[in-house]
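Read off the chains here:
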Amino acid sequence: MIDHLLYILWNPDLEIFRIGNFAIRWYSTCWLIGLALAYFIVKWLYKDQKVKDAYFDPLFIYCFLGILIGARLGHCLFYQPEYFLSSWTHVVEMFLPIHQMADGSWKFTGYEGLASHGGTIGLMVALYLYYRKTGMNLWHVLDDIAIATPITACFIRLGNLMNSEIIGTPTNVPWAFIFERVDMTPRHPGQLYEAIAYFFFFFVMLHFYKRTSKEVGTGFYFGLCLTLIFTFRFFIEYTKDIQVDFESGMIFNMGQLLSIPFIILGIACMRGGKWMKKLGAK
């Protein structure tokens, strides 16, 4: 018999407040806080590096759309392709924050399902388009965004925690969470593990920037960010419950398989910084 008093009971309200049909949810608020912090951090970096204000103005729009579209498509195509590609109705649900009910009516649900790997790919594509638009050094842009990325990832995982999603495997560690919305089983708070790690990685990135800011534009910070986040992501997956049924019995789950290319890319960028700088030069 499980003694629930030994663990952390977790069942927060999904909404911060509601006025009529309008509600502000913790998940979307955490996303906005993470993106806002990245906005101000990169703005500070641009100012510190004496980059023209005109180059910064469109950056947030590119990043916001790239992350949102990439994260949504990543979830739909990596984790639930059998659903979202099964009909045109479901394809609509992939792109719009709505869901068709059993009676044929449509309900606004928000985007239920965002994948960090897809968001990373979407961000890379968006930054490439931004580079083509502004003519800035591509690796300079990637390095600056990489310095701010871990703090955004931290708040996204806090949003997952507030939603009681991406839960961990059953455990008896004293800091286990009982996600009451899911079941009454003590589990690893995998979302919290990631949030703490990404918060720490942010200060690691700042430390390197203060010591070797001249490396901005070589791809070093971009590579360091990818290597830190996705190496940690690969190993933390061992404490997470499977997200979709097809992962059962797999040696490595989908999150781990998708992390491997990013780790390889990260190491390559860190080791080949000077070559990358020439490749991304105007």
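With an unreviewed UniProt entry as reference, the protein chain is termed Phosphatidylglycerol--prolipoprotein diacylglyceryl transferase, source organism Hoylesella buccalis ATCC 35310. UniProt's Subcellular location (unreviewed entry) comment on the protein chain is quoted here verbatim: "Cell membrane".

What follows covers the nonpolar core. Judged by nonpolar contacts, the single largest core of 54 residues is most densely connected at Trp31, Tyr46, Leu59, Leu127, Val141 and Ile145. Listing elements by their share of this core, those giving two or more residues are α1 (26-48), α3 (59-79), α6 (116-134), α7 (138-163), α8 (190-211), α9 (220-236) and α10 (254-271). Looking at this core, the element that brings in the most residues is α7, giving 13 residues. Mapped onto the domain boundaries, this core takes at least three residues apiece from domain 1 (1-23 + 138-281) and domain 2 (52-136). Setting aside its immediate chain neighbours within four residues, valine 141 contacts Tyr46, Leu59, Leu127, Tyr130 and Met136.

Take the pairing of strand β2 (residues 15-19) next. Remember that side chains alternate between the two faces of the sheet whenever the strand is regular. For β2 and strand β3 (residues 22-25), the ladder comprises 4 bridges, and the chain directions are antiparallel. The partner of arginine 18 across the bridge, within β3, is alanine 23. Taking the residues between adjacent antiparallel strands as the criterion, β2 and β3 are bridged by 2 residues, where glycine 20 takes a positive phi near 65 degrees.

Our focus in this paragraph is the pattern of salt bridges. By the definition in use, this model includes 7 salt bridges. A salt bridge links arginine 18 to glutamate 15; the shortest N-O distance between them is 2.5 Å. Here lysine 240 and glutamate 237 are joined by a salt bridge, their closest N and O atoms 3.1 Å apart. Classification of lysine 240 by relative accessible area gives buried; the value is 6%.

Bringing the UniProt feature "binding site: a 1,2-diacyl-sn-glycero-3-phospho-(1'-sn-glycerol)" (unreviewed entry) in the protein chain into the picture now. Feature annotation in UniProt places "binding site: a 1,2-diacyl-sn-glycero-3-phospho-(1'-sn-glycerol)" (unreviewed entry) on Arg157, given in this structure's numbering. With respect to the helices and strands, arginine 157 occurs in helix α7. Those residues in contact with arginine 157, other than ones at most four positions away along the chain, are Ser116, Ile166, Gln191, Glu194, Ala195, Tyr198, Arg233 and Lys240.

Here we come to the domain arrangement of the protein chain. Entries for the protein chain in the domain assignment read domain 1 (1-23 + 138-281) and domain 2 (52-136). Spacing between the C-alpha centres of domain 1 and domain 2 amounts to 18 Å. Buried surface at the junction of domain 1 and domain 2, summed over both partners, amounts to about 1600 Å²; 78% is from carbon and sulfur atoms. Area buried by domain 1 at its contact with domain 2 is led by Leu138, Val141 and Ile145, which between them contribute 32% of it. Linking domain 1 with domain 2 are 0 salt bridges, by the criterion used here. There are 1 residue pair in polar contact (both at pLDDT 80 or more) connecting domain 1 and domain 2. For the side of domain 1 that touches domain 2, the secondary structure elements donating two or more residues are α7, α9 and α10. Ranked by residue count, the leading element in the side of domain 1 that touches domain 2 is α7, at 7 residues. Grouping the amino acids of the side of domain 1 that touches domain 2 by side-chain chemistry returns 13 nonpolar, 6 polar and 3 charged.

Two numbers describe how α7 lies on α8: the axes approach to 8 Å, and their chain directions differ by 165 degrees. The angle between α7 and α8 places the two elements in the roughly antiparallel class. The crossing of α7 and α8 is left-handed. Facing α7, whose interface residues are Ala146, Ile147, Pro150, Ile151, Ala153, Cys154, Arg157, Leu158, Asn160 and Leu161, α8 presents Gln191, Leu192, Glu194, Ala195, Tyr198, Phe199, Phe201, Phe202, Met205, Leu206 and Tyr209. A per-class count over the contact of α7 with α8 returns 17 nonpolar, 2 polar and 2 charged.

Read across the open sheet, the 3 strands follow the order β1-β6-β7; overall the sheet is mixed. Only two strands of the sheet have a single neighbouring strand rather than two, namely β1 (8-10) and β7 (186-187). Bridge count for strand β6 (residues 177-179) against β7 is 2 bridges, and the pairing is antiparallel. Looking at β7, one finds that isoleucine 178 is bridged to proline 186.

Attention now goes to the packing of aromatic side chains. Tallied over the full model, the rule gives 25 aromatic pairs. Seen in terms of ring centroids, tyrosine 46 and phenylalanine 56 are 5.6 Å apart; in terms of plane orientation they differ by 70 degrees. Their pairing is edge-to-face. Separated by 10 residues along the polypeptide, tyrosine 46 in helix α1 and phenylalanine 56 in helix α2 (residues 53-56) bring together distant segments of the chain. Of the two residues, tyrosine 46 and phenylalanine 56, neither departs from the other in class, the shared state being buried. Seen from their ring centres, phenylalanine 201 and phenylalanine 232 are 6.0 Å apart, and the 85 degrees between their planes marks the pair as edge-to-face. With phenylalanine 201 in helix α8 and phenylalanine 232 in helix α9, this pair connects stretches of sequence that are 31 residues apart. You can call phenylalanine 232 partly exposed: its relative accessible area is 24%.

Each value, and the rule that gives it
- Residues numbered from 1 in each chain as written.
- Predicted model: local features only at pLDDT ≥ 70, side-chain atom pairs only at ≥ 80, totals over all residues.
- Heavy atoms only, no water.
- UniProt positions renumbered as here; feature names shortened; annotations may be inferred.
- Core = buried A, V, L, I, M, F, W, Y, C linked by side-chain atoms within 4.5 Å.
- Buried < 20%, exposed > 50% of the residue type's maximum accessible area, 1.4 Å probe, protein only.
- Helix = DSSP H or I, 4+ residues; strand = E, 2+ residues; numbered from the N terminus.
- Domains from an automatic or database assignment.
- Contact = heavy atoms within 4.5 Å.
- Pairing = 2+ DSSP bridges.
- Salt bridge = Lys/Arg side-chain N within 4 Å of Asp/Glu carboxyl O.
- Buried area = accessible area lost by both parts, 1.4 Å probe.
- Polar contact = N/O pair within 3.5 Å; in protein donor to acceptor, adjacent residues only side chain to side chain.
- Nonpolar A, V, L, I, M, F, W, Y, C, P; charged D, E, K, R; others polar.
- Axes fitted to C-alpha atoms, helices over the stretch in contact; angles between N-to-C directions.
- Parallel < 35°, antiparallel > 145°, perpendicular 65-115°, else oblique.
- Left-handed = near helix turned anticlockwise from the far one by under 90°.
- Phe/Tyr/Trp six-rings, centres within 6.5 Å; stacked < 30°, edge-to-face > 60°.

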